[in-house]
Amino acid sequence: MSEERKMVTVYILGEQFSVPESSTIMTALEYSGFQLKRGVGCREGFCGACATVYREKGEYKLKGGLACQTVVSDGMTIARIPFVPAEKPAFDIEELKPDVSTFVELYPSVFRCVSCNTCTKICPQDINVMDYIQDIIKGDIASAAHTSFDCIRCGLCALRCPAEIVQFNVGMLAQRLYGKYLAPRSEELDKRINEIENGEYRKDIDRLKSLGKDELVEEYYGRDISIT
Amino acid sequence: MYPDYMKTSLGKVAGTREQRLRLAREKGKEVFTALSESQRENVLSTYHPDYKDDARREVRIGPNKGELLTDRVVDILESRPRDPADTFDLSKVDYEADILILGGGSAGLSAAIEGAEKGLNVLIATKLRLGDANSMMAQGGIQAADQKDDNPVLHYLDVIGGGHFDNKPELVEALVNDAPSSIRWLENLGVMFDKNPDGSMSVKAGGGTCRNRMHSAKDYTGAAICKTLRDEVYNRPDNIRYIEFSPATELILDDKGQAAGAVLYHLETKEYSIVKAKTVIIATGGFGRLHIRNFETTNHYGATADGLVLGYRAGARLLYMDSVQYHPTGAVFPEQVVGFLCTEKIRGLGAQPVNKDGELFVYPLEPRDVEAASIIQECERGNGVKTPSGLTGVWLDTPLIEMINGEGTIEASLPAMLRQFSRFDIDIRKQPILIYPTLHYQNGGLEINEKAETTIPGLYVAGEASGGVHGRNRLMGNSQLDIIVFGRRAGQNAAERVLGGVTTGKLSLDHVRRYSEELDSLGIVTERISPVILPDYIPDHVKAKQITLEYFGTLS
């Protein structure tokens, strides 16, 4: 079948290869003979391992994308970025305050943001990266947490940032502070944990554990189903 | 963008949508009658891939000798070790640890945090980067019975019924009892769960659940959890070290038969190193990248079941490695996303699977194996839609979601799915997606007890590599739960063992030597090598020119 496929030319680290036109950057690399070890992960756009910089034919602009999610085009030049040497200070989440002071301490570079929006433009998830950095400067940790939530930490934002901000780590910190301190707490959840600790369901579970298969089958197919 | 020839079928789906919406709105009534026990058995035995004549074969060696296991699992168990046992000088130890964790997904990360909490010296060795795991890719949710109308007893029934009553009861009990406290633990670490304004959890139904029990973080649930756990591991450099790009190729035992370390292989420098450890936790995940029955898979690049091989050669028994989970809804169009996961949350939010004529043919939330078999049945009856690359699928009618739940639901609840398909000019708010079952999950694995222990002293297993929790079919949202519950239990119990005092004897690979000898004496001749480590997607015409291949162990 491969003979019938329409082929395009791509340049991997400047070197010319011919690959099927329906390839993603990742499958184009494999088609060309590269056994991938770095810069490859989930292959479905969830892990951020395959950040890639590319330039399309006749363009001067460098674009960023995920190798597993970007379809090649004829004349595309490709360079993968398998690792970003970004700063990640260690912290004790129990000791942090969910406000701007934490960022002043851990990520002071946030406050050097020049609002150039380069981070947002490069983001393969189309996240408004600059907006969540600005949220933090304004002290709105909740908004920063929600805006940055879909980040898969490919690191392209930090590589492009002229102010040396490590956006993806900053966003991660905002999310953890929100999840732990700012999100409203579920009382039902705490109540259920107590009930289980107090052994309220032990007898019923012990009974199920003691049932033979036939009895269990009957109980299972006869259970009340109530979903909305 | 769908090709023109699909327009007629798309029109028919749109044509029946209003009527199917009315069904969805009828309170107290299912949109389609759920199958009875005998109907379930019937569709499974006729259409589920596990029931094909050549799906299983007898394994000739090791603790499960004589049992019928999934064909490609037998392949890796009957393969030769990557290196003869004599290759390594075990008197030269490169790393020492109280707890060695193989695998950097959420099970391994949870175990590491628990070990660190006890002040122990933890070492994680992982094949790719920390967090490069199926854990990161889970979309739809994590189950926990915390709602008023729900309880752990109902959760227990759902788990064991979904698993065809083969689950180990004490593991199911641990799973459902630890569920609410696992959610609390994750939230205390900073995971952002979907919530109602009053703080209560926003929950949905999943396949085979009798209550709304699915907690989620949009459709990035696994990523939200795994990113947070990894960040926490980064925060504990005094207790947790990690070595990346270094899969384990063998377990090391000591002369008393205790787990005592592992041989690691660095993928880039090709160096081997020896780890000596007081306890070992296998958290290496599942087998999707073995492409069982040549199915496409939702799985991570590194999901090659390495831990099973390591544990098996060391004498640990496998449970239910005769069953494979095919996720009912893998993408089949466009070509670039074939096999990708389309989360069950899509159906949890009301989307229905419909055939080429727009007809609903199955209850949308059957347990996964039943739903998958029903979809295969519908396609084999000629009611599917062919794709330009020759695959067949049925529609999953996503536009229903916003008709049922209101405009904006998809962007808020399924951003990953919306983004995935919009990259290929398909707006799932307006058009359905084409799906077919895809290889998703290893239902079985190395047998554990409720302390995550194996029969080998000091060897623990957690997550997808373990067997018994889910019987022969896992329900949605119970793997994210499993990796937290049993990851933590493995870490806690390994720590307890270390703190109780472990004396490690002389390190040994005799079990590997004996296994190789047994392969020889049984006349099992093969060029195949395991653990597999990574799949190989280099095309044959290129491969033919790669004469000095450095890379072994693939199934191609």
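Criteria and thresholds
- Residues numbered from 1 in each chain as written.
- Chains lettered and ligands numbered in written order.
- Predicted model: local features only at pLDDT ≥ 70, side-chain atom pairs only at ≥ 80, totals over all residues.
- Heavy atoms only, no water.
- Helix = DSSP H or I, 4+ residues; strand = E, 2+ residues; numbered from the N terminus.
- Rg over C-alpha atoms; globule rule 2.2 N^0.38 Å.
- Buried < 20%, exposed > 50% of the residue type's maximum accessible area, 1.4 Å probe, protein only.
- Contact = heavy atoms within 4.5 Å.
- Areas by Shrake-Rupley, 256 points an atom, 1.4 Å probe, with all protein chains shown as cover.
- Lys, Arg positive; Asp, Glu negative; His and termini not counted.
- Charge placed at Lys NZ, Arg CZ, Asp CG, Glu CD.
- Polar contact = N/O pair within 3.5 Å; in protein donor to acceptor, adjacent residues only side chain to side chain.
- Salt bridge = Lys/Arg side-chain N within 4 Å of Asp/Glu carboxyl O.
- Pairing = 2+ DSSP bridges.
- Axes fitted to C-alpha atoms, helices over the stretch in contact; angles between N-to-C directions.
- Buried area = accessible area lost by both parts, 1.4 Å probe.
- Phe/Tyr/Trp six-rings, centres within 6.5 Å; stacked < 30°, edge-to-face > 60°.
- Lys NZ or Arg CZ within 6 Å of the ring centre and 35° of its normal.

Asker: Can you walk me through the overall build of chain A in this structure?
Answerer: For chain A, the helix and strand inventory stands at 10 helices and five strands. Computed over the C-alpha atoms, the radius of gyration of chain A is 25 Å, more than 25% above the 17 Å expected from 2.2 N^0.38 for a compact globule of 228 residues. Projecting the C-alpha coordinates of chain A onto the three principal axes gives extents of approximately 70 × 55 × 30 Å. The buried share of chain A, reckoned over its 228 residues, is 52%. In chain A, the proportion of contacts linking residues at least 24 apart, taken out of those at least 6 apart, comes to 58%. Surface summary for chain A: the accessible area is close to 10,800 Å², and the carbon and sulfur share equals 48%. Between the mean site of the 28 positive side-chain charges and the mean site of the 34 negative ones, chain A shows a separation of 6 Å.

Asker: What is the right way to look at the overall build of chain B in this model?
Answerer: Within chain B one finds 16 helices and 23 strands. Against the globule reference of 24 Å for 556 residues, chain B gives a C-alpha radius of gyration of 23 Å, in line with a compact fold. Across the 556 residues that make up chain B, the buried fraction comes to 69%. A fraction of 74% describes how many contacts in chain B between residues 6 or more apart in sequence connect residues 24 or more apart. Total accessible area computed for chain B in this model is approximately 18,000 Å², and 46% of it derives from carbon and sulfur atoms. Of the charged side chains in chain B, 63 are positive and 76 negative; the average position of the first set lies 2 Å away from that of the second.

Asker: So what exactly am I meant to see when it comes to the environment of B:Ile433 here?
Answerer: Residue and element names in this part refer to chain B. With respect to the helices and strands, Ile 433 occurs in strand β18 (residues 433-442). Along the primary structure Ile 433 and Glu 453 are separated by 20 residues, whereas in three dimensions their C-alpha atoms are 42 Å apart. Ile 433 has contacts with Tyr 2, Cys 342, Ile 346, Val 394, Trp 395, Leu 396, Thr 398, Phe 421 and Ile 428, leaving out every residue within four places of it along the chain.

Asker: Would you mind showing me how to read unusual backbone geometry here?
Answerer: With the exception of glycine, the majority of residues adopt a negative phi angle, and the majority of peptide bonds are in the trans configuration. All names here are of chain B. In this model, Phe 333 is joined to Pro 334 through a cis peptide bond whose omega is -5°. Inspection of the secondary structure puts Pro 334 in the loop between β14 (324-331) and α9 (345-348). Following Ser 530, the chain continues into Pro 531 via a peptide bond in cis, with omega recorded as 5°. By the element assignment, Pro 531 lies in the loop between β23 (529-530) and α16 (540-543).

Asker: For this particular structure, what's the right way to read the side chain of B:Gln352?
Answerer: Residues and elements named next belong to chain B. For Gln 352, the position within the fold is in strand β15 (residues 352-354). Gln 352 gets classed as buried once you look at its relative accessible area, which sits at 1%. Within the structure, Gln 352 has its side chain in polar contact with the side chain of Arg 20 (distance 3.0 Å). Discounting residues that sit within four places of it in the chain, Gln 352 has contacts with Arg 20, Ala 24, Val 31, Leu 360, Pro 364, Trp 395, Leu 396, Asp 397 and Leu 400.

Asker: Teacher, can you tell me more about the environment of B:Ile435 here?
Answerer: Residue and element names in this part refer to chain B. Tracing the chain through its elements places Ile 435 in strand β18. Ile 435 sits in the buried class, given a relative accessible area of 0%. Distance from Ile 435 to Lys 278, taken between C-alpha atoms, is 47 Å for residues 157 residues apart in sequence. If sequence neighbours within four positions are ignored, Ile 435 has contacts with Pro 328, Thr 329, Gly 330, Val 332, Cys 342, Ile 375, Gly 393, Val 394 and Leu 396.

Asker: In this structure, what is going on with the pattern of salt bridges? I would like to understand it.
Answerer: When the charged atoms of two side chains lie near each other, side chains of opposite charge can form a pair. Under the criterion given, the structure shown has 63 salt bridges over all chains. Put simply, B:Asp89 and B:Lys92 hold a salt bridge, and the shortest N to O gap is 3.5 Å. Using a relative accessible area of 37% as the deciding quantity, one classes B:Asp89 as partly exposed. Salt-bridge contacts for B:Asp427 lead to B:Lys430; the nearest nitrogen and oxygen are separated by 3.1 Å. Look at the salt bridges and you will find they share partners, linking A:Lys88, A:Arg176, B:Glu117, B:Asp231, B:Glu232 and B:Arg236 into a network.

Asker: Sorry, what's going on with the sheet that holds strand β13 (residues 318-319) of chain B here?
Answerer: One key point about sheets: their strands pair by backbone hydrogen bonds, in either a parallel or an antiparallel sense. All names here are of chain B. Pairing is mixed across the open sheet formed by three strands, whose spatial order is β13-β19-β21. Edge positions in the sheet fall to β13 and β21 (466-467), since each of these pairs with one other strand and no more. Sheet analysis places β13 next to strand β19 (residues 445-447), joined by two bridges and oriented antiparallel. Note on β19: the bridge partner recorded for Leu 319 is Gly 445. Contacting β13 and β19, helix α8 (residues 306-313) runs over the sheet at an angle of about 35° to β19.

Asker: What's the story with the interface of chain B and chain A in this structure? I'm lost.
Answerer: Interfaces are often described in size by the accessible area the parts lose on coming together. The partner chain A presents 72 residues to the 102 residues of chain B that form the contact. For the chain B and chain A pair, buried surface summed over both sides reaches about 7,700 Å², with 55% attributable to carbon and sulfur atoms. Applying the counting rule to chain B against chain A returns 12 salt bridges. Our count for the chain B to chain A interface comes out at 44 residue pairs in polar contact (both at pLDDT 80 or more). Contributions of two or more residues to the side of chain B that touches chain A are made by α2 (37-47), α5 (152-162), α6 (169-189), α7 (221-234), α13 (415-422) and α16 of chain B. The biggest single contributor to the side of chain B that touches chain A is α6(B), with 12 residues.

Asker: For this particular structure, what's the right way to read the packing of aromatic side chains?
Answerer: Note on aromatic pairs: each is described by the distance of the centres and the angle between the planes. Applying the stated criterion to the full structure yields 12 aromatic pairs over all chains. Seen from their ring centres, B:Tyr2 and B:Phe333 are 5.4 Å apart, and the 25° between their planes marks the pair as stacked. Taken together, the residues span a long stretch of sequence, with B:Tyr2 in the segment before α1 (7-25) and B:Phe333 in the loop between β14 and α9 at a distance of 331 residues. Ring centres of B:Tyr265 and B:Tyr272 lie 4.8 Å apart, and the angle between their planes is 40°; this geometry places the pair in the tilted category. Pairwise contacts between aromatic rings join A:Tyr220, A:Tyr221 and B:Phe165 into one cluster. A cation over an aromatic ring shows up here: B:Arg474 above the ring of B:Tyr441, its NZ or CZ 3.9 Å from the ring centre.

Asker: How do you make sense of the pairing of strand β11 (residues 259-265) of chain B when you look at a structure like this?
Answerer: When a strand is regular, its side chains alternate between the sheet's two faces. All names here are of chain B. With respect to burial, β11 is a largely interior element, seven of its seven residues being buried. By the bridge criterion, five bridges tie strand β10 (residues 248-254) to β11 in an arrangement that is antiparallel. Residue pairing for β11: Leu 253 is matched across the bridge by Ala 259. The hairpin formed by β10 and β11 contains four residues between the paired strands, and Gly 257 there has a positive phi angle of roughly 80°.

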